[in-house]
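# An overview of the molecular structure
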Amino acid sequence: GYNRHMQTLTRQLVARTWLGALAWTAVLAGSLYWNLRTEERQTMELAYAEARANLNKDGVLRRWATGHGGVYVPVTERQKPEPALAHIPERDVTTPDGRTLTLLNPATIVRQMMDRYATEYGVRGRITGLKFLNPDNAPDAWERRQLEAFTNGDYLEVWAEAEMDGTPHLRYLRAMYMEQGCEKCHAILGYQLGDMRGATGINLPLTKYLAQIESARRQLGFTHGAIWLLGLAGI
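A brief look at the structure comes next. Keep in mind that this is a model prediction, so the values were computed, not measured.

Once that is clear, we can look at the overall build of the chain. Tallying secondary structure elements over the chain gives five helices and seven strands in all. Reading the chain from its N terminus to its C terminus gives the helix and strand order α-β-β-β-α-β-α-β-β-α-β-α. Rg of the C-alpha trace for the chain: 30 Å, well past the compact-globule value of 18 Å for 235 residues, more than 25% over. Out of the 235 residues belonging to the chain, those deemed buried represent 36%. Intrachain contacts of the chain at a sequence separation of at least 6 include 63% that bridge at least 24 residues.

Structure, rendered in structure tokens:
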């Protein structure tokens, strides 16, 4: 009788140990999943914030240039008169000291700044539209779909993650409307005040953010694994 009693107690102890181990494993697995999801969400929120901040910067520059009706700059070997502005009579002017200046419209100013910023910091800004003066502003397939949706009023901004040149990017596009000062250059395309005439966008590389997520996965996996083994040893 004593032996049977001890065997029963042993089986109960083993069963409770296994239940405890399973419960501990479930708790740690849930904690790992929650922490991984939290880390991914917080890291991607940083990427969204960077993209939004860059687009806001570009928008302020464009509105500043629009408020001045564009900016005149000296004609040089690198800066030729913009063919897309040939319809503007005062595109090129000569100063009293004989220097030739040419007009840069807001879109050209912002595009040049975007090109330089992309070269120095890797974040590519975009100005695009279904109708455009500069061929460089022609939309790609994804941008065209979004521009058509903007025109239909389906939404005013859109986000997407996509591979670009073999690198993961966060794409952000925001609708742009005709404002006072835009008519000088863009009325020739048939736009009127208030019309949706295109969009500004950002293509933000996600490499550093994905590397941060991967590093967090390894660290969380290691710490949770260590805590899980310690818990099992205690059980």
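Bringing the sheet that holds strand S1 (residues 71-74) into the picture now. Spatially, the three strands line up as an open sheet ordered S1-S3-S2, and their pairing is antiparallel. In this open sheet, the two edge strands, each paired with only one partner strand, are S1 and strand S2 (92-94). Recorded for the sheet is a direction-independent mean angle of 35° between the axes of neighbouring strands. Here S2 pairs with strand S3 (residues 100-104) via three bridges, running antiparallel. Residue pairing in the sheet places Thr94 in a bridge with Thr100 of S3.

Turning our eyes to something else, we now look at the sheet that holds strand S5 (residues 157-164). Taken in spatial order, the four strands line up as S4-S7-S6-S5 in an open sheet, and their pairing is antiparallel. If you trace the sheet from one side to the other, it starts and ends with strand S4 (124-128) and S5, each paired once. Averaged over neighbouring strand pairs, the angle between their axes works out to 20° when direction is ignored. Running at roughly 155° to S4, helix H2 (residues 106-121) makes contact with S4 and strand S7 (196-205) of the sheet. Each of S4, S5, strand S6 (167-177) and S7 is contacted by helix H3 (residues 141-152), which is oriented at about 30° to S6, the strand it contacts most.

With nine of its 10 residues buried, S7 lies for the most part within the structure. Pairing between S4 and S7: five bridges, direction antiparallel. Its bridge partner being in S7, Arg126 is matched across the sheet by Gly201. As defined by bridge partners, S6 adjoins S7 across nine bridges and the pair is classed as antiparallel. Paired with Arg171 across the two strands is Asn203, which belongs to S7.

Let's shift gears to the packing of aromatic side chains. Throughout the structure, instances matching the rule amount to four aromatic pairs. Consider the rings of Phe150 and Tyr155, whose centres lie 5.8 Å apart with planes at 90°: the pair is edge-to-face. Each ring, one from Trp159 and one from Tyr172, has its centre 3.7 Å from the other, and the planes form 5°; the classification is stacked. Taken as a pair, Trp159 in strand S5 and Tyr172 in strand S6 lie far apart in primary sequence, 13 residues in all.

So, on to the pattern of salt bridges. Scanning the model with the defined rule gives 16 salt bridges in all. Here Glu77 ties to Lys80 by a salt bridge, and the two come within 3.8 Å at their closest N and O atoms. Since its relative accessible area comes to 43%, Lys80 is described here as partly exposed. Taking the shortest distance from any N to any O, the salt bridge between Glu143 and Arg171 comes out at 3.4 Å. Of this pair, Glu143 sits in helix H3 while Arg171 sits in strand S6; the two residues are 28 residues apart in sequence, bridging distant segments of the chain. Arg171 gets classed as buried once you look at its relative accessible area, which sits at 5%. A network of salt bridges, in which partner residues are shared, links Arg37, Glu40, Glu214, Arg217 and Arg218.

Relative to the helices and strands, Glu82 is located in the loop between S1 and S2. In contact with Glu82, not counting residues within four places along its chain, are Arg91, Thr102, Leu104, Thr108, Arg111 and Asn134.

Soluble globular proteins tend to bury their nonpolar side chains together. If you look at the biggest cluster of nonpolar residues, it comprises 12 residues: Met44, Ala47, Ala51, Leu55, Val123, Leu170, Tyr172, Ile202, Leu204, Leu206, Tyr209 and Ile213. Counting residues per element, the ones that place at least two in this core are helix H1 (2-67), S6, S7 and helix H5 (207-234). Per-element tally for this core: the top contributor is H1, with four residues. Ignoring any residue separated from it by four or fewer positions in sequence, one finds Ala47 in contact with Leu170, Leu204, Leu206 and Tyr209. By size, the runner-up hydrophobic cluster in this structure holds nine residues, among which are Trp142, Ala160, Ala175 and Ala199.

What counts and how
Residues numbered from 1 in each chain as written. Predicted model: local features only at pLDDT ≥ 70, side-chain atom pairs only at ≥ 80, totals over all residues. Heavy atoms only, no water. Helix = DSSP H or I, 4+ residues; strand = E, 2+ residues; numbered from the N terminus. Rg over C-alpha atoms; globule rule 2.2 N^0.38 Å. Buried < 20%, exposed > 50% of the residue type's maximum accessible area, 1.4 Å probe, protein only. Contact = heavy atoms within 4.5 Å. Pairing = 2+ DSSP bridges. Axes fitted to C-alpha atoms, helices over the stretch in contact; angles between N-to-C directions. Phe/Tyr/Trp six-rings, centres within 6.5 Å; stacked < 30°, edge-to-face > 60°. Salt bridge = Lys/Arg side-chain N within 4 Å of Asp/Glu carboxyl O. Core = buried A, V, L, I, M, F, W, Y, C linked by side-chain atoms within 4.5 Å.

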